[in-house]
Amino acid sequence: MRSLQEHSFVSIGHKGQLGNVMLSPAVVEVIASIAASEVKGVSSMRGGFATGVAEKLGRKTHGKGIKVELTEQGVLIDVYVAVSADSKMPEVAKKIQQHIRQALETMTSLATKEINVHIVGIQLEQKADTVE
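Computed from a predicted model, the values in this text were never measured in an experiment. (Residues numbered from 1 in each chain as written. Predicted model: local features only at pLDDT ≥ 70, side-chain atom pairs only at ≥ 80, totals over all residues. Heavy atoms only, no water.)

### A few points about the overall build of the protein chain
Then comes step 1: Helices and strands together make up the secondary structure of the protein chain, namely three helices and six strands.
Then comes step 2: Secondary structure elements of the protein chain, listed N to C terminal, follow the sequence β-β-α-β-α-β-β-α-β.
Then comes step 3: Within the protein chain, the fraction of its 132 residues that count as buried is 36%.
Then comes step 4: Sequence-distant contacts, at least 24 apart, represent 65% of the contacts inside the protein chain between residues at least 6 apart.
Then comes step 5: Total accessible area on the protein chain is roughly 8,900 Å²; 52% of this is exposed by carbon and sulfur atoms. (Helix = DSSP H or I, 4+ residues; strand = E, 2+ residues; numbered from the N terminus. Buried < 20%, exposed > 50% of the residue type's maximum accessible area, 1.4 Å probe, protein only. Contact = heavy atoms within 4.5 Å. Areas by Shrake-Rupley, 256 points an atom, 1.4 Å probe, with all protein chains shown as cover.)

### Overview of the side chain of serine 84
Then comes step 1: Residue placement: serine 84 occurs in strand β5 (residues 74-84).
Then comes step 2: Serine 84 sits in the buried class, given a relative accessible area of 18%.
Then comes step 3: Setting aside its immediate chain neighbours within four residues, serine 84 contacts Gly41, Ser43, Ile122 and Gln123.

### Quick word on the nonpolar core
Then comes step 1: Membership of the largest hydrophobic core comes to 24 residues, with the highest contact counts inside it found for Val28, Ile77, Val79, Ile96 and Ile100.
Then comes step 2: At the level of secondary structure, the elements contributing two or more residues to this core comprise α1 (25-37), β3 (42-45), β4 (66-71), β5 and α3 (89-108).
Then comes step 3: Apart from residues no more than four positions distant in its own chain, valine 28 is found in contact with Leu23, Val68, Leu70, Val75, Ile77, Leu104 and Leu110. (Core = buried A, V, L, I, M, F, W, Y, C linked by side-chain atoms within 4.5 Å.)

### A look at unusual backbone geometry
One can expect most non-glycine residues to show negative phi and most peptide bonds to be in trans.
Then comes step 1: Positive phi, normally seen in glycine, also occurs at serine 109, with a value near 65 degrees.
Then comes step 2: Note that serine 109 resides in the loop between α3 and β6 (112-123).
Then comes step 3: On the basis of relative accessibility, which here comes to 64%, the residue serine 109 falls in the exposed class.

### Here we look at α3
Then comes step 1: Helix length check: α3, at 20 residues, gives a terminal C-alpha distance of 28 Å against a target of 28 Å (1.5 Å per residue), a fit within 8%.
Then comes step 2: By the burial criterion, the buried members of α3 are Val92, Ala93, Ile96, Ile100, Ala103, Leu104 and Thr108. Down the axis of α3, the buried set is contained in an arc of 100 degrees. They therefore lie on one face. When the buried face of α3 is taken as reference, the exposed residues oriented beyond 90 degrees from it are Pro90, Lys94, Gln102 and Thr106.
Then comes step 3: A positive phi of about 65 degrees marks serine 109, the residue just after α3. (Expected span 1.5 Å × (residues − 1). Arc of directions from axis to C-beta.)

### What about the confidence of the model for the protein chain?
Low-pLDDT stretches of the model should not have their predicted coordinates read in fine detail.
Then comes step 1: This prediction gives the protein chain a mean pLDDT of 79; 70% of its residues lie at or above 70.
Then comes step 2: Mean pLDDT across the elements of the protein chain bottoms out in helix α2 (residues 49-56) (43) and peaks in α3 (95).
Then comes step 3: In this model, residues 1-7 is a region of pLDDT below 50 whose contacts with residues beyond four sequence positions or in other chains number 14 contacts. (pLDDT = per-residue confidence, 0-100.)

### Points about α1
Then comes step 1: Between the first and last C-alpha of α1 there are 18 Å, a value that for 13 residues agrees with the 18 Å anticipated at 1.5 Å per step.
Then comes step 2: The complete set of buried residues in α1 reads Pro25, Val28, Ile31, Ala32, Ser33, Ala35 and Ala36.

### A look at the packing of α1 against α3
Then comes step 1: Relative to each other, α1 and α3 sit at 135 degrees, their axes nearing to 8 Å. Between α1 and α3, the angle is such that the two are oblique. Regarding α1 and α3, the two cross each other, and that crossing is right-handed. Between α1 and α3, the contacting residues are Val28, Ile31, Ala32, Ala35 and Ala36 on the first element and Ile96, His99, Ile100, Ala103, Leu104, Met107 and Thr108 on the second.
Then comes step 2: Of the residues assigned to the contact of α1 with α3, the class counts are ten nonpolar, two polar and no charged. (Axes fitted to C-alpha atoms, helices over the stretch in contact; angles between N-to-C directions. Parallel < 35°, antiparallel > 145°, perpendicular 65-115°, else oblique. Left-handed = near helix turned anticlockwise from the far one by under 90°. Nonpolar A, V, L, I, M, F, W, Y, C, P; charged D, E, K, R; others polar.)

Structure (structure tokens):
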């Protein structure tokens, strides 16, 4: 199985008279990150060390919490999220998978082979300080 990651782009659609349409994995990351963050129960997307450093330096990372691998068989996506403590984790994970698959198919026509959801944290509700 040859990975298309080495080319850094995947062709989408049909080659026409005007040329080819190429899609960067970074675009897939952004689409998947936005789709996952819209699911009720997801409190935040979790990136790695480099993402944290970039954000502290003021750089916005739109593909945070997403790892994409483009292969000839389809797109492999790993999603890293923190969920709210009151959510049902299996339901949230399934909705994340469905939402990402739908967003990618609608926007890019790419087939997703796997969408793996990694719940790496739980967001506990913040208690408001009250003065009596």
